[in-house]
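An overview of the molecular structure
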Amino acid sequence: MTDPVISADALHVSVGNKTILKNVSFTARRGEVLALLGGNGAGKSTTIKTFLGLMTPSAGTANLLGQNVQLQPDIVRQKVAYLPESVMLYGHLNAVENIRYFLSLAGKEKTDDDIALALKKVALQPHAWQTRLQSYSKGMRQKTAIALALLRDAPILFLDEPTSGLDPVAIDEFNGLISQLASQGATILMVTHDIYGACHVANRIGLLRHGELVGMFDAPQDGNIDAEVVHQAFTQGLK
Ligand SMILES: Nc1ncnc2c1ncn2[C@@H]1O[C@H](COP(=O)(O)OP(=O)(O)O)[C@@H](O)[C@H]1O
Ligand SMILES: [Mg+2]
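Along every chain, residues carry numbers that run from 1 in the direction the sequence is written. A letter from A marks each chain and a number from 1 marks each ligand, given out in the order of writing. Where totals are concerned, whole chains, interfaces and linings use all residues; where local detail is concerned, this predicted model gives features only for residues with pLDDT of at least 70, and gives and counts side-chain atom pairs only at 80 or more. Values shown for side chains rest on all heavy atoms present in the structure; no hydrogens or waters enter the calculation.

Comments concerning helix α5 (residues 138-151)
Counted only if it meets this: For the purposes of this entry, the term helix denotes a DSSP run of H or I that reaches at least four residues, the term strand denotes a run of E that reaches at least two, and both are numbered from the N terminus. Multiplying 1.5 Å by the residue count of a helix minus one yields the expected span of that helix. A 1.4 Å probe rolled over the protein chains alone gives each residue an accessible area, and that area as a share of the maximum for its type sets the label: buried under 20%, exposed over 50%, partly exposed in between. The criterion used for residue contact is that any of the two residues' heavy atoms lie within 4.5 Å.
Taking 1.5 Å of rise per residue, the 14 residues of α5 would be expected to cover 20 Å, and the 20 Å separating its terminal C-alpha atoms lies within 8% of that figure. Taken across its 14 residues, α5 has 11 buried, putting it largely inside the fold. Among all positions in α5, only Gly139, Gln142, Lys143, Thr144, Ala145, Ile146, Ala147, Leu148, Ala149, Leu150 and Leu151 are buried. Of the surrounding secondary structure, the elements contacted by the buried residues of α5 are β6 (80-83), α3 (95-105), α4 (112-121), β7 (156-160) and α6 (168-183).

So, the nonpolar core
The nonpolar side chains of soluble globular proteins are, as a tendency, buried together. Rules: Residues belong to a common nonpolar core when they are buried Ala, Val, Leu, Ile, Met, Phe, Trp, Tyr or Cys residues joined through side-chain atoms within 4.5 Å.
The biggest cluster of nonpolar side chains holds 54 residues, and the ones touching the most others in it are Leu119, Ile188 and Ile205. In this view, Ile205 contacts Ala35, Leu37, Ala198, Cys199, Gly215, Met216, Phe217, Ile225 and Val230; residues no more than four positions away in its chain are not counted. Counting residues in each nonpolar core, the second largest holds 27 residues, with Ile6, Leu11, Leu189 and Val191 among its members.

Details of unusual backbone geometry
The phi torsion at Ala10 lies on the positive side, around 50°, for a residue other than glycine. Ala10 sits in the partly exposed class, given a relative accessible area of 25%. One non-glycine residue, Glu161, lies in positive phi territory at about 45°. As for its position among the elements, Glu161 is in the loop between β7 and α6. What makes Glu161 buried here is its relative accessible area of 9%.

Next comes the structure, spelled out in C-alpha cells:
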C-alpha cells in the first residue's frame, strides 16, 4: 500500500466559538477520487479551504503527500490545482487568453500546442477557443477551468461543487474527464451534493453532516458505490 496523497487526520476547524469541522479524518491514495457529500453548510468548502491553507485547524492536521499544509504551505502551491465554487475567469478574454494569463500568474510556460491539447482533452469545441467567455455556458467555463488545472500539471486536484449548474450531458462529460485524470495518476478530492455523479466517479465517498463525517463508502473492486445506499444515508435524519 502506498502512502496517502491526501489525508485529513482528526481535523477540527472553528471560527470564533462556532465549530465548523469536528474530528474529520479521511484519506485518498494516488489515482483515487474521493468525493465528500453533504448538504449546504455541512462543511465541504471549509474542508477544501483547510487543505489549501486558507483555514487553520484548531486541532488535527491536513496533509498532502505526507506534509502538513500548515507547516509546509509550499506543497499547496507546487502540487495542487483548485477549482473554486464559482470559476474565476475573465469574461472579456477568450479561453486561450484566460489560460495564458492564469498560467503566467502561476509562473508556468506552456506552448500553443500544449494549450490546444488541454482544450481538446476537456472537449471544448474549437470554434469557442477564440470566443470571449462572457458568451460561454457554465459547462464551457468549467471545461476552460479544468484545462487550466491540467496545464498546471498538478498531481492533486480540489474541486468545489464542480458539477453544480451543469446539465446532465455536461455532468457526464465532466465525470468522464475526472475518471480519466485519476486513471493517469491524479488524486482528486471533490465536494458535491450530486450523489449519482459521485457514485459514478468516486473510489470513496465521505458523508459530511454539520461538520462531522457520518458515513464512509468504498467502491467495490471494479465497481461503483451504490447510489441508493448513499442516498439513504444522506437523507436519513433530514426528513
Ligand atoms: N469564515 C467563516 N466564518 C464564519 N462561519 C463560516 C465561515 N466559513 C464557513 N462558515 C460556516 O461554516 C459552515 C460550513 O460552511 P461551508 O464549509 O461553506 O459549507 P458547505 O460548503 O458544505 O456548504 C456553515 O455553517 C458556514 O456558515
Ligand atoms: Mg460550499
